[in-house]
Amino acid sequence: MDKEVAIVGYAQTPYVADFNESREMMVLQATRAVLENAGIKREELDTIVTANNDYLDGRTISNMRLVEPAGSWRKNESKVEMDGAFAMLYAVTRILSGDHDIALVLGESQASVYAGILPGIMMLDPTFDRQRWLLNEVSAAALQASAYMDASGVSEDQISGVAAKNLDNASRNPVAMRSIAGADAKKVKASRPLYSPITELMMAPQCDGACALVLASGKAAARFEKPVWIKGLGFAHDSYLTERPLDTMSSLKMAADSCYSQAGIEDASSQVDLAEVYERFAHEELMAYEALGFCEPMKGGAFFDSGATKMDGKLPVNASGGALGANVECAAGLARVIEAAMQIRGEAGDHQVQGVKTAVAHGQSGICAQENMVYVLGGE
Amino acid sequence: MGKHHDVAVVGVGLSKHVSKRRDVNMPELVWEAVSACYEDAGLKPKDVDAFATGNMPAFEGVNLPEEWGAGHWGAYGKPVLRITTGGTTGGSVAHGGYYLVASGLYDTVMAIAFEKQSDGNQTFGLNTVALADAAAQFKMGVDPGFIAAFGGGAVGVAVYQASSYMKSSGCTTHHLDMVSALCRNNAALNPYSHLKQPGLTPEQVAETTLLQYPIRFGHVCPSTDGACAMLFTTPEKAKKLTDKPAYVLSVSSCSDEAALVGIAGSGTTNVDPCEQESCKIAAARAYELAGIKDPRNEFDLAEPYAPFAHQMLMFYERLLLCDEGEAPSILDSGSMNLDGELPVCPSGGVISTNAIGASAMERIAECAVQIMGKGGERQVNKEVHKAVAHGWGGAVNLNVVAVLADTPRG
Amino acid sequence: MAAKAGKEPVPRVSMPLDPPFAWSVGNWIEHFFDGMKEGKIRASKCPSCGRVYLPPRMICERCFSRADDWVELPVTGTVRACTKASVKVAENGDMVDLESPEIIAMVQHDGADTCIAGRLEADDASIGMKVEAVLNPKAENALDLLAGYRPAG
C-alpha cells in the first residue's frame, strides 16, 4: 500500500479539563482549523467520518448534532463509535473504494460532560461483570499491569519512568493537558494510589478536545504540499478481558504484523524512526513496545531502560507526551496519527525529533486495549 | 481516486424477530443471524477478513456491545469496525461492509446489525436523541415527563411529518391504511418478520386506535428483538460460492441539519420534516455511481425505510422513483404490490418488523435476497435486476441509500 | 484557536435519568446461576476444541462451535492477576477513596480456560496464589451467589 492515501491536513484543539464551549463549537474549531491547514474549502470534502460515542456525548446518535460543525451538512457522512484512529480506517477504505477523493476524519469528546469512568463500566458484560461493580477500565488495567509485571519482571519504577518520560515530553507540546517538566519516576509512583500498581499519574487524564485530519487519494494528493502517506495499516479485535491472557497485547501484535507486511517493515526496531502509541496507562506503552516489535517479548522494561524511546533515543515513543499528556476519548488515537504525521512533516515545534521518515501510530479502543489499530506513515 | 473493487453479496442471515427474547442474551441473539449467514454463504469465520457491526446502544444500555459479544460471531483476531448512526445504523454498517471490500483491503467482510429492545426501554432510547434539547428545557423548568410526551419518541416526530406530507401530496388517511395492509400482508409471507397479519384490510387498519392524528396504532412499527447479518466478498470469490450472487453497485449517505420538530430550542424547527432533501441527494449520488440514469424505470424493487405508513410513499418519492405527490396514485394502481410493476417492501417493511439498529440493513438484505431469488413465498413475481434500499434516521436528518443488482458495476 | 479561559462558563444541565434496563442473561448464564444455588460451579465446554468457559458462554470464540458440553468445576482456582484497590467507583463515575483497601483478583478455576474477576478476602495477594470460591447459595440476588474468593486450604 503506497501512494494511495495521504494525510494532507491536520488540526488539534487544545486538550483541556474543561473546554468551556459547547461540543458543537469545539468541533467547529477543529473543522475550521483542519480545512485551513489543508488549504481546502468545506465544499471540496467528499466524505466525513466522525468518531464519537453515545455514552460519552450523553445522547443517542451522537453524530446527529455534529452535522453542521463537522462540515458534513448535505454531504456523505458516517460515524465510527470507536477511537478516531478506527474512523480513519473507515475513511481510508472510502477513498480506496474509488467513490471518494477527499475525506475529513474527526474525533471528539468532553470529559467535563460525561460521568467519569461510568461509560467504560457500561462496556462490561451486563449479565455478570458489570453488575458486580468491581471491574472498570482502571481496575481492569491494574489487573493487566499485574499480569504483565509478573510475566515480564517489569517493576513499578519502570512503569513510573514511562509516565515521567511522557509527562516531561508533554511539557513541550502546546496542546497537552497534563505535563510535568523534568518529571521523575518517584513523583509518579508517589501520586494518589488508585488500583495497585496504578497511581493517578500513570493513568491518562480524561479531558475535553477534538482533533481532525484530511485524507486525500493518491491522485488528489498531488495538489497538496508535504503529503504524509499511509504505508500500511492493521486492525485486530481481542477476546473479552476475562477470556484472554492479560500479560500480552496479542491483538496489537496481530494488527502490527498485518500493518508491517503491507508497509514492507521486516524489523521495526531498525526501520521505524518514531512511534506514537495510545497508552491509556503507562504500563501499556511497555507492552506496546513488545507487540509493535520494537523489542523482544517481555523485554519492554529493558528496552525502556536503554533510553531508546526517549526524545533523543534511537526510536522515540510519544514525543508528544502521548495519552498521558491528554486523553480525549475517541480522539487520542487519532491524535497519535496526527502527531506522527507532524513529525514526518517536521512541524512538531518544540517536540520535533530530527530525521523522522517512517513513523508508527497506534490507536486503541475498549477495556484493556481490546481493539488495536496500527499505521505506518511515511513522507516523500 | 482509488481503484474500485466490485462487491458481491453471498450470504444473508436473520434471527427470528419477536417482541421479547428472554431466552437469549444480546450476543446469543445476534449469533442466530450470524450463523444463518455463514450457512447461507457456505463460509466459516476463518474465511472472513473483517467485520462491521452496529446497533443503537441506548436501547440496551451497553456501550460497545461487540467487546462483550463479538466472540460469539467468529470475530476473534479480526478487525471489528463499529459504525453507529441511529436509525440508519444497519444501512451504515452494511455500507461499511461494502467499503471494506470495495477498498481492496479486505476480500470477505461480514456486516452485523441488531437490536434487543426488550433489554431496555424504547421510549427512553428514543428520547435520548433529544436529550440536549430536553436538557435545555429542563433548565427552563419544564417537567421532564412533559418534554418526553410532547416532542420525544418517534411518534412525536412522525405525526408532524405525516401531516405535512399529506398536505403536500394529497395522500389521504386511506392511503396510510392501504400501506399498512400491503406491508403486513407481505410480512405474513416472510418467516423473519415480526407482525404477521395475513388478510389485513385497510378498513381494519382504519379501526385501530388513533394515537395522534393522522397516525393510528396500525400505522406504526412494532418494537422488535432481532438481528441481521450479511456477507460481502469479491466477484471472483462470489462466483465460487453461488451461481447467483447479488452485487452492491453503490452506496451513499447524506446528512442534513437536525430537525427535532416541535421541540423549542432545537435550532432548526423551520425545516419541513417531509422535505428530506438529504434522501434525494443520497439517492442521486448513489444512482450516479451505479450508472442508473432513469430510476423510475430501471428498478425492479424498492425497500424504503418506513416505520410509519406515510413514509413508504414519501420516501418512494424522495428516492426519485416518481414525481413528488405521485406516490399515492401509484399505490392506488397496485404497482407497489408483491406482483406489481415495482414492488415496494416485499419483506413487509419496517412497519412490520423494527429491531431498530438492524432495520436499515434488513432493507439491503431483502434486496439481495430477492435478486438471488431466495425470497420463498414472498419472492416477487418478476426477475429482479436492480433494487434500491434505503435507511432513515437521526433527528429526521440522516438518509442512506444502496443500489443492488444482479450484475456488478464493472 | 483556543479554549477561552476566563470566559463566562457555558451553562450546563444535569439530567436526572433513571433508565430501565432488564438484560436477558440467556440460558447459559442462567444455568450457571442455578448451579451456584446448589453449591456447584458449572462451566460450558466446547465439544470441538475443549476450551472451558467460566462464566459459561454459548459459543466458543475460537472455533465457533456451540459450547454445550457442561462440566462441573471445583471451587478452587489460581490467581492470574490481582490489584489492591485504594478506591472504588461512585455512582457519579468518580473514583473515591476506600476506608481500607480491598483486593480484586482475576481467578482461573481449576479446569477452566477463562477467568472470573472477584473480590478476594485477604490482606495481600500474589499471582499464582491458590484460592477458593465462597458461594452464597441462599443469596436472593443471583449476582451475590458468588460472594468472592478466599485463600485456599
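### A closer look at the overall build of chain A
Within chain A, the secondary structure is distributed over 14 helices and 11 strands. Along the first, second and third principal axes, the C-alpha atoms of chain A reach 55 × 45 × 35 Å. In chain A, buried positions account for 72% of the 380 residues. By sequence separation, contacts in chain A at least 24 residues apart represent 77% of the contacts at least 6 residues apart.

### Considering the overall build of chain B
A tally of helices and strands in chain B yields 15 helices and 11 strands. Within chain B, the proportion of its 410 residues that are buried is 69%. Counting only contacts in chain B whose residues sit at least 6 apart along the sequence, the fraction spanning at least 24 positions is 80%.

### With respect to the interface of chain A and chain B
Contacts between the two partners involve 54 residues from chain A, matched on the other side by 57 residues from chain B. Among the elements of the structure, α2 (54–57), β3 (76–80), α3 (84–96), β8 (228–237) and α9 (250–263) of chain A are those that each provide at least two residues to the side of chain A that touches chain B. Examining the composition of the side of chain A that touches chain B, we find that 7 residues originate from one element, α3(A), more than from any other. Residue composition of the side of chain A that touches chain B, by class: 21 nonpolar, 16 polar and 17 charged.

### Things to note about the environment of D300(B)
Residues and elements named next belong to chain B. Residue placement: D300 occurs in the loop between α12 (295–298) and β9 (301–303). The class for D300 is buried, based on 21 C-beta atoms found within 10 Å. With 253 residues separating them along the chain, D300 and D47 place their C-alpha atoms 32 Å apart. Those residues in contact with D300 that sit more than four places away from it in its chain are L342, K382, E383, V384, H385, K386 and A387.

### Quick look at the environment of V9(B)
Residue and element names in this part refer to chain B. Looking at where V9 falls in the secondary structure, it is placed in strand β1 (residues 7–14). Sequence separation between V9 and K244 is 235 residues; the distance between their C-alpha atoms is 9.6 Å. The contact partners of V9, leaving out residues within four places of it in the chain, are M230, F232, P245, A246, V248 and A368.

### Here's the deal with α9(A)
All names here are of chain A. Here α9 is 14 residues long and its end C-alpha atoms lie 20 Å apart, about the 20 Å a rise of 1.5 Å per residue gives. Where α9 is concerned, the buried positions are S251, L252, K253, M254, A255, A256, C259, Y260 and A263. Buried residues in α9 make contact with β8, α10 (268–271), α11 (282–291) and β11 (371–378). Among the residues trailing α9, G264 stands out with phi positive, at a value near 70°.

### Focus on the nonpolar core
Residues and elements named next belong to chain B. Core analysis: the biggest nonpolar cluster contains 340 residues, and M230 and L404 have the highest contact counts within it. Here this core gets 11 residues from one element, more than from any other, and that element is helix α15 (residues 356–372). Setting aside residues no more than four positions away along its own chain, L404 makes contact with A246, Y247, V248, L249, I364, C367, A368, I371, A387 and A389.

### A word on the sheet that holds strand β2 (residues 52–53) of chain C
All names here are of chain C. Pairing in this open sheet of 3 strands is antiparallel, and the strands run β2-β1-β3 from one edge to the other. Whereas interior strands pair on both sides, the edge strands pair on one side only; in this sheet they are β2 and β3 (69–73). Across 2 bridges, strand β1 (residues 41–45) lies against β2 in antiparallel orientation. Bridge assignment links S44 to a residue of β2, and that residue is Y53.

### A closer look at the packing of helix α7 (residues 156–170) of chain A against α11(A)
Residues and elements named next belong to chain A. Where α7 meets α11, the axes come as close as 8 Å, and the angle between the chain directions of the two elements is 95°. Judged by the angle between their axes, α7 and α11 are roughly perpendicular. Residue-level inspection shows Q158, I159, V162 and A163 of α7 in contact with α11, the latter providing A282, H283, E285 and L286. Along the lines of polarity and charge, the residues of the contact of α7 with α11 split into 5 nonpolar, 2 polar and 1 charged.

### Side note on the pairing of strand β7 (residues 130–135) of chain C
Strand residues, when the strand is regular, have side chains that alternate between the two faces of the sheet. Residue and element names in this part refer to chain C. Summarising the sheet, strand β4 (residues 76–89) and β7 pair through 3 bridges and their orientation is antiparallel. Counted as the bridge partner of T78 is K130 from β7. Bridge count between β7 and strand β8 (residues 146–151): 5 bridges; the pairing is antiparallel. If you follow A133 over to β8, its bridge partner there is Y149.

### Focus: the sheet that holds β1(B)
Residue and element names in this part refer to chain B. Spatially, β3-β2-β4-β7-β1-β8-β11-β10-β9 is the arrangement adopted by the 9 strands of the open sheet, whose pairing is mixed. Either end of the sheet is taken by a strand with one partner, and the two such strands are β3 (80–82) and β9. Ignoring strand direction, the axes of neighbouring strands in this sheet form an average angle of 25°. As paired strands, β1 and strand β7 (residues 225–233) are joined by 6 bridges and run antiparallel to one another. Each residue of the ladder has a partner; that of A8, found in β7, is T233.

### Brief notes about the pairing of strand β4 (residues 102–109) of chain A
All names here are of chain A. Burial of β4 is extensive: 8 of the 8 residues sit out of reach of the surface. Residue alternation in β4 divides its side chains into two sets, I102, L104, L106 and E108 and A103, V105, G107 and S109, and both sets are buried. Bridge count for strand β2 (residues 47–51) against β4 is 5 bridges, and the pairing is parallel. Within the sheet, the bridge partner assigned to V49 lies in β4 and is V105.

### A short note on the packing of α3(A) against helix α3 (residues 89–102) of chain B
Running from amino to carboxyl end, α3(A) crosses α3(B) at an angle of 60°, the nearest separation of the two axes being 8 Å. When the axes of α3(A) and α3(B) are compared, the pair comes out oblique. When the axes of α3(A) and α3(B) are compared, the crossing they make is left-handed. Of α3(B), the residues touching α3(A) (which contributes Y90(A), T93(A) and R94(A)) are G96(B), Y99(B) and L100(B).

### Some points on α3(A)
Residue and element names in this part refer to chain A. In a regular helix each residue adds 1.5 Å, so 13 residues correspond to 18 Å; α3 covers 18 Å between its end C-alpha atoms and thus fits that length. In terms of residue burial, α3 counts as a mostly covered element, since 13 of its 13 residues are buried. G98 sits one or two residues past α3 and shows a positive phi near 85°.

### Observations regarding the confidence of the model for chain B
Residue and element names in this part refer to chain B. Looking at chain B as a whole, its pLDDT mean stands at 91, while 88% of the residues score no less than 70. A low-confidence stretch, residues 261–268 (pLDDT under 50), is modelled with 21 contacts involving residues beyond four sequence positions or located in other chains. What the predictor reports for the complex is a pTM of 0.96 with an ipTM of 0.97.

### Quick notes on the environment of P316(A)
Residue and element names in this part refer to chain A. The residue P316 is located in the loop between α12 (300–305) and α13 (322–325) in this model. The buried category is assigned to P316, around which 23 C-beta atoms lie within 10 Å. Taking the C-alpha atoms as reference, P316 lies 6.4 Å from A275; in sequence the two are 41 residues apart. Setting aside residues no more than four positions away along its own chain, P316 makes contact with L274, T309, K310, M311 and V353.

### Section: unusual backbone geometry
A cis amide bond, omega 0°, links S196(A) with the succeeding residue P197(A). By the element assignment, P197(A) lies in the loop between β5 (193–195) and β6 (198–199). Going from L54(C) to P55(C), the amide bond is cis rather than trans, its omega being 0°. Summarising the element assignment, P55(C) is placed in the loop between β2 and β3. Phi at I61(A) is positive, roughly 60°, even though this residue is not glycine. The residue I61(A) is located in the loop between α2 and β3 in this model. By the C-beta count within 10 Å, which is 28 here, I61(A) ends up buried.

Parameters and conventions
- Residues numbered from 1 in each chain as written.
- Chains lettered and ligands numbered in written order.
- Predicted model: local features only at pLDDT ≥ 70, side-chain atom pairs only at ≥ 80, totals over all residues.
- Helix = DSSP H or I, 4+ residues; strand = E, 2+ residues; numbered from the N terminus.
- Buried ≥ 20, exposed ≤ 12 C-beta atoms within 10 Å, placed from the backbone.
- Contact = placed C-beta atoms within 7 Å.
- Nonpolar A, V, L, I, M, F, W, Y, C, P; charged D, E, K, R; others polar.
- Expected span 1.5 Å × (residues − 1).
- Core = buried A, V, L, I, M, F, W, Y, C linked by C-beta atoms within 7 Å.
- Pairing = 2+ DSSP bridges.
- Axes fitted to C-alpha atoms, helices over the stretch in contact; angles between N-to-C directions.
- Parallel < 35°, antiparallel > 145°, perpendicular 65-115°, else oblique.
- Left-handed = near helix turned anticlockwise from the far one by under 90°.
- pLDDT = per-residue confidence, 0-100.

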